[in-house]
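Spelled out from the first residue to the last, the chains are:
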Amino acid sequence: MTEKERRTGRDETEDERADRMWGELIQEVRVAQMGVQILFGFLLTVVFTPKYDTLDDTDQSIYIVTVVLGAAATGALIGPVSLHRLVSGRRIKPKAVEWASRLTFVGLVLLLATTACSLLLILRVATHDGFVPWLVSGVVLWYLTCWFALPLWTRHRYTE
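Residues numbered from 1 in each chain as written. Predicted model: local features only at pLDDT ≥ 70, side-chain atom pairs only at ≥ 80, totals over all residues. Heavy atoms only, no water.

An unreviewed UniProt entry annotates the chain as DUF6328 family protein originating from Streptomyces sp. R28.

So, in structure tokens, the structure goes:
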């Protein structure tokens, strides 16, 4: 690849770019969807276990918030599929890609919150120790680094 090709990117039409970006986005969404659907499925079963009735009010509140966040994350991460299906053939793929990308980003933020709340609840029930918020904060910081800080740094560092 020449220096000029590196600077100017691909030689593609807006529609070709939208097609390529759509394919990439759907592959990314598949990974996130799988994770959020498995997590949400497990969360839904907790309320039907005998252990749920022994949780204190705070832990039950954390559980309810976690389930709602999981439902919202699931909706946001499945949203691009529905968006594509409903606008397919309308010649607005560039806009569909833009909105699907936004839904995916929101879904990832909600997945982060769902995972953090799940971890908080599990560790509170498992340990009852004061270090739990610190441990959860460390994991959230790790997720923020992997999911957002590193990609944003890479984008800033290697693009104009």
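Having seen the model, we can carry on.
In this section: the confidence of the model for the chain. Averaged over all residues, the pLDDT of the chain equals 92, while 95% of them reach at least 70. Confidence, read as mean pLDDT per element, is least for helix H1 (residues 3-8) in the chain (52) and greatest for helix H6 (residues 132-158) (97). (pLDDT = per-residue confidence, 0-100. Helix = DSSP H or I, 4+ residues; strand = E, 2+ residues; numbered from the N terminus.)

So, on to a negative patch on the surface. Together, Asp11, Glu14, Asp15 and Glu16 line one region of the surface with negative charge. Here Glu14 shows up in helix H2 (residues 14-46). (Patch = residues over 30% accessible without salt bridge, like charges linked within 9 Å, V, L, I, M, F, W, Y side chains within 5 Å. Areas by Shrake-Rupley, 256 points an atom, 1.4 Å probe, with all protein chains shown as cover. Salt bridge = Lys/Arg side-chain N within 4 Å of Asp/Glu carboxyl O. Lys, Arg positive; Asp, Glu negative; His and termini not counted. Charge placed at Lys NZ, Arg CZ, Asp CG, Glu CD.)

Let's shift gears to the packing of aromatic side chains. As enumerated under the stated definition, the model contains 5 aromatic pairs in all. Through a chain of ring-to-ring contacts, the aromatic side chains of Phe105, Tyr143, Trp147 and Phe148 assemble into a single cluster. Here Arg102 stacks its cationic end above the ring of Trp99, 4.6 Å away from the centre of that ring. (Phe/Tyr/Trp six-rings, centres within 6.5 Å; stacked < 30°, edge-to-face > 60°. Lys NZ or Arg CZ within 6 Å of the ring centre and 35° of its normal.)

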